[in-house]
Amino acid sequence: MSEVILNHIQKVYPNGYQAVKDFNMEIKDQEFIIFVGPSGCGKSTTLRMIAGLEDISGGTLQIDGVVCNDKEPKDRNIAMVFQNYALYPHMTVRKNMEYPLKIAKLPKEEMDARIDHAAKILGLQNLLDRKPKALSGGQRQRVAMGRAIVRNPKVLLMDEPLSNLDAKLRGQMRIEIARLHKELKATTIYVTHDQTEAMTLGDRIVVMSDGEIQQIDTPQNLYEKP
Ligand code: ADP
Ligand code: ADP
């Protein structure tokens, strides 16, 4: 079970800017949640607070009933996939995927098994010895996903993972993400500007504006009502 509860979450950056005002939401186990809203409305900040990459200024974050405000990122059982891939350029695909597992001090056999499984479901088997610069954009994004899923996260955060890809590849990757979600069953929060992604992937869509939630609804109610 991986419920994520955001209770009156706020973010005030050190310069005094309040990027998130009063974010309240209960995300159910295995739910696929989409965040939409104009640039600068606080989507990334919210994801980064959930991941532990940014301090929470107010409110409580609960994952599986445990308050996580002060937990290190590595202790949250969360993985995040970024728009710009954030791969280590000097490491091969295998090393990139191995890195988080080394930090978690997994035994070698377990690391290899997880990497092989991720490589198989993401179609990376033949690319494991390449470095990122020898990969296409779509392949890099798959490696970024591979590096996230090898950790068997209970919660998967994705910040516009497909926005650097061309339309055709985006369509293919969208289908793969849906498939991946079925297999992994991780509770997922996904930021996008793409309405097709929001509609096809999301169980519920959170519409944000100016650091606040404007509306939370199903894709059907949000986009298909007259
Ligand atoms: P979104 O992901 O919706 O585009 P962000 O969460 O990245 O929005 O940013 C929300 C707001 O917080 C923006 O106005 C942005 O300029 C501001 N912001 C982001 N990071 C910082 C920072 N480190 N210091 C001050 N303001 C920031
Ligand atoms: P470092 O400078 O130590 O290499 P990173 O930039 O790799 O740091 O990561 C910064 C922090 O973010 C670390 O605490 C790490 O545990 C965490 N982190 C790194 N990658 C991810 C990810 N994909 N999802 C969630 N947290 C991550």
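Residues numbered from 1 in each chain as written. Chains lettered and ligands numbered in written order. Predicted model: local features only at pLDDT ≥ 70, side-chain atom pairs only at ≥ 80, totals over all residues. Heavy atoms only, no water.

As annotated in an unreviewed UniProt entry, the chain carries the name Sn-glycerol-3-phosphate ABC transporter ATP-binding protein UgpC and is attributed to Dubosiella muris.

## A short note on the overall build of the chain
The helix and strand tally for the chain stands at seven helices and 10 strands. On C-alpha atoms alone, the chain measures out to a radius of gyration of 17 Å, which is about the 17 Å that the 2.2 N^0.38 rule sets for 226 residues. Here the C-alpha coordinates of the chain stretch approximately 45 × 40 × 35 Å along the principal axes. Taken together, the 31 basic and 29 acidic charged side chains of the chain have centroids lying 7 Å from each other. (Helix = DSSP H or I, 4+ residues; strand = E, 2+ residues; numbered from the N terminus. Rg over C-alpha atoms; globule rule 2.2 N^0.38 Å. Lys, Arg positive; Asp, Glu negative; His and termini not counted. Charge placed at Lys NZ, Arg CZ, Asp CG, Glu CD.)

## A closer look at the site of ligand 2
Inspection of the region around ligand 2 gives Leu 53, Pro 73, Ile 78, Ala 79, Met 80, Tyr 88, Tyr 99 and Arg 151 as its neighbouring residues. Between ligand 2 and Met 80, the relevant distance is 2.8 Å, taken from a nitrogen atom to a main-chain nitrogen or oxygen of the residue. Within the side chain of Tyr 88, an N or O atom sits 2.8 Å from an oxygen atom of ligand 2. When isolated, ligand 2 has an accessible area of 550 Å², and the protein chains bury 52% of it. The dominant element in the shell around ligand 2, judged by the number of residues it contributes, is strand 6 (residues 78-81), at three residues. The residue inventory of the shell around ligand 2, partitioned by class, reads seven nonpolar, no polar and one charged. (Near = heavy atom within 4 Å. Polar contact = N/O pair within 3.5 Å; in protein donor to acceptor, adjacent residues only side chain to side chain. Areas by Shrake-Rupley, 256 points an atom, 1.4 Å probe, with all protein chains shown as cover. Nonpolar A, V, L, I, M, F, W, Y, C, P; charged D, E, K, R; others polar.)

## Quick look at the site of ligand 1
With respect to spatial proximity, the complete set of residues near ligand 1 consists of Tyr 13, Asn 15, Tyr 17, Ala 19, Pro 38, Ser 39, Gly 40, Cys 41, Gly 42, Lys 43, Ser 44 and Thr 45. In the model, an oxygen atom of ligand 1 is placed 2.7 Å from a nitrogen or oxygen of the Gly 40 main chain. Side-chain polar atom of Thr 45 to an oxygen atom of ligand 1: 2.5 Å apart, as the coordinates give it. Relative to its unbound accessible surface of 570 Å², ligand 1 loses 63% to contact with the protein.

## Quick look at the packing of helix 3 (residues 108-122) against helix 5 (residues 167-184)
Close contact between helix 3 and helix 5 brings their axes to 11 Å; oriented N to C, the two are set at 140°. When the axis of helix 3 is compared with that of helix 5, the two are oblique. Where helix 3 abuts helix 5, its residues His 117, Ile 121 and Leu 122 lie against Glu 176, Arg 179, Leu 180 and Glu 183. Considering only residue class, the contact of helix 3 with helix 5 consists of three nonpolar, one polar and three charged. (Axes fitted to C-alpha atoms, helices over the stretch in contact; angles between N-to-C directions. Parallel < 35°, antiparallel > 145°, perpendicular 65-115°, else oblique. Contact = heavy atoms within 4.5 Å.)

## Considerations on the sheet that holds strand 8 (residues 187-191)
Two strands in a sheet stick together by hydrogen bonds in their backbones, pointing the same way (parallel) or opposite ways (antiparallel). Within the open sheet, the six strands sit side by side as 6-7-8-3-9-10. Their pairing is mixed. The strands lining the two open edges of the sheet, one partner per strand, are strand 6 and strand 10 (212-217). For this sheet, the mean angle separating the axes of adjacent strands, direction not counted, is 20°. In the sheet, strand 6 pairs with strand 7 (residues 155-159) via four bridges, with the strands oriented parallel. Within strand 7, the residue paired with Ile 78 across the bridge is Val 155. Running at roughly 150° to strand 7, helix 1 (residues 43-51) makes contact with strand 3 (32-36), strand 6, strand 7, strand 8 and strand 9 (204-209) of the sheet. (Pairing = 2+ DSSP bridges.)

## Considering the sheet that holds strand 4 (residues 58-63)
Read from one edge to the other, the open sheet built from four strands follows the order 2-1-4-5, with strand pairing classed as antiparallel. At either margin of the open sheet sits one strand with a lone partner, and together these are strand 2 (18-27) and strand 5 (66-67). Bridge count between strand 1 (residues 4-12) and strand 4: five bridges; the pairing is antiparallel. Residue pairing across strands places Asn 7 opposite Thr 60, the latter belonging to strand 4. Sheet contacts for helix 1: strand 1, strand 2 and strand 4; angle to strand 1, the most-contacted strand, approximately 115°.

## What to know about the environment of Ile 5
Position of Ile 5 among the secondary structure elements: in strand 1. Along the sequence, Ile 5 and Thr 60 sit 55 residues apart, while their C-alpha atoms lie 8.0 Å from each other. Residues within four places of Ile 5 in sequence aside, it is in contact with Met 25, Glu 26, Thr 60, Leu 61 and Gln 62.

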